[in-house]
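Each chain, written out:
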Amino acid sequence: MSRDNPDLSVVVPVYREEANIRHFLTRIEGVLNGMGRSYEIIFCLDPSPDRTEEVILQEINRNPNVKLLVFSRRFGQPAATMAGLLMCKGEACVVIDVDLQDPPELIRGMYSKLQEGYEVVYAKRRSRKGETLIKRAVARIGYRTIARLSEVEIPPDTGDFRIMTRRVIEEMRRLHETHGFLRGLVAYVGFRQTFIEYDRDARAHGQGKYSRLTGSLTIGLNGLISFSSRPLQLMSITGAVFAGLSFLLGAWYLFQKLIGVALTPGLPTTVLVVTFFSGVQLLSLGLMGEYIGRIYDEVKRRPMFIVDRKINF
């Protein structure tokens, strides 16, 4: 197969990763060369204040199979990943992060699974090294919540690390969503999918670019809202339940009044009830706002990313 149509594409979103580029390439090139398949490695770079771009350009001079997309501004990891998927040319495509938490050596087994007739093989985390207890707890709860409420089956304990056939990539080209939650989009496309379990390593160098407090919550909320309307239904049910309870409480007070029971004014109770129901209302409005915001983004039809430069394509 010609270099323009390699057997395997590897999409790597990067931002401020100068310390990891060479270590990553050393390991993944060893894997790809050992597989005996033609390949391309596409780095998808949000403009970085460090030397990430310079290091990648040096590696392109060393290895002509390395390519680089540079965006006009920082669009975020989901957009960078989608850009690589839409521009890759391989018969199969791997998505992997550069920080080596996901071992490139798994690609051999994932690719073998494709030969068995699967269209998607994703890596499922058995354990997570280098992550705090809070982050692991948030991830566990978030995955279970998404799995229960989502309208498509999104596998728990997985990230973007996976391999897909050209058939899946071409189907994903037909999707035009501004919020590119890859795990949900691949699950939506369907076809035969399986997984390989692994123990996730700690990050090789540097720190992650997601906020430790809100990063996982943001990703989880995006996945939940993008692939399920059930939170809105739950808010409707919650509102109906509390409205019913309020009606029963009012009927009870009226009954006591009619039979002559002296009711003691209860300011704390009033404040508590008003505050509680105000919180429920604000939560419901906030949830509706999230959905309306997604609609607003989609109807504008703005591109998910803008490419400034393509190098070695």
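Quick caveat, the model's predicted, so the values are computed rather than measured.

## A short note on the pairing of strand β2 (residues 39-45)
So, step 1. Buried residues dominate β2, accounting for seven of its seven residues.
So, step 2. Taking every second residue as pointing to the same face, both faces of β2 are buried, with Tyr39, Ile41, Phe43 and Leu45 on one and Glu40, Ile42 and Cys44 on the other.
So, step 3. Here seven bridges tie strand β1 (residues 8-14) to β2, and the two strands are oriented parallel to one another. Bridge pairing in β2 places Val10 opposite Ile41.
So, step 4. For the segment spanning β1, helix α1 (residues 21-35) and β2, crossover handedness is right-handed.
So, step 5. Following the chain from β2 across helix α2 (residues 52-62) to the adjacent parallel strand β3 (residues 66-71), one finds a crossover that is right-handed.

## Let's talk about the packing of helix α3 (residues 77-87) against helix α6 (residues 166-173)
So, step 1. Between α3 and α6, the least distance of the axes is 9 Å, while the angle of their chain directions is 115°. Taken as a pair, α3 and α6 cross one another with a handedness that is left-handed. Contact residues: Met82, Leu85, Leu86 and Met87 in α3; Ile169, Met172 and Arg173 in α6.
So, step 2. Each residue belonging to the contact of α3 with α6 can be placed in one class, and the counts come to six nonpolar, no polar and one charged.

## Overview of the environment of Met82
So, step 1. In this fold, Met82 is placed in helix α3.
So, step 2. In the structure, Met82 is positioned 69 residues away from Pro13 in sequence and 9.3 Å away in space, judged by C-alpha atoms.

## Structural notes on the packing of aromatic side chains
So, step 1. With the rule as written, the count across this model stands at five aromatic pairs.
So, step 2. For the ring pair Tyr122 and Phe195, a centre distance of 6.0 Å and an interplane angle of 25° mean the geometry is stacked. Placement of Tyr122 in strand β5 (residues 120-128) and of Phe195 in strand β7 (residues 193-200) is noted, with a sequence separation of 73 residues between them.
So, step 3. Judged by relative accessible area, Tyr122 falls into the buried class, the value being 11%.
So, step 4. Between the aromatic rings of Phe161 and Tyr198, the centroid separation amounts to 6.3 Å while the plane-to-plane angle is 85°, which identifies the pairing as edge-to-face. Residue Phe161 is found in strand β6 (residues 158-165), and its partner Tyr198 is found in strand β7; the two are separated by 37 residues along the sequence. Grouping residues by exposure puts Phe161 and Tyr198 together as buried.
So, step 5. Every member of this aromatic cluster is reached through a ring pair, and the members are Phe71, Phe75 and Phe305.
So, step 6. Note that Arg74 overlies the ring of Tyr15, its terminal NZ or CZ placed 3.9 Å from the centroid.
So, step 7. Over the aromatic face of Tyr118 sits the side chain of Arg192, whose NZ or CZ is 4.3 Å from the ring centroid.

About the thresholds
- Residues numbered from 1 in each chain as written.
- Predicted model: local features only at pLDDT ≥ 70, side-chain atom pairs only at ≥ 80, totals over all residues.
- Heavy atoms only, no water.
- Buried < 20%, exposed > 50% of the residue type's maximum accessible area, 1.4 Å probe, protein only.
- Helix = DSSP H or I, 4+ residues; strand = E, 2+ residues; numbered from the N terminus.
- Pairing = 2+ DSSP bridges.
- Right-handed = clockwise from strand over helix to strand, strands pointing away.
- Axes fitted to C-alpha atoms, helices over the stretch in contact; angles between N-to-C directions.
- Left-handed = near helix turned anticlockwise from the far one by under 90°.
- Contact = heavy atoms within 4.5 Å.
- Nonpolar A, V, L, I, M, F, W, Y, C, P; charged D, E, K, R; others polar.
- Phe/Tyr/Trp six-rings, centres within 6.5 Å; stacked < 30°, edge-to-face > 60°.
- Lys NZ or Arg CZ within 6 Å of the ring centre and 35° of its normal.

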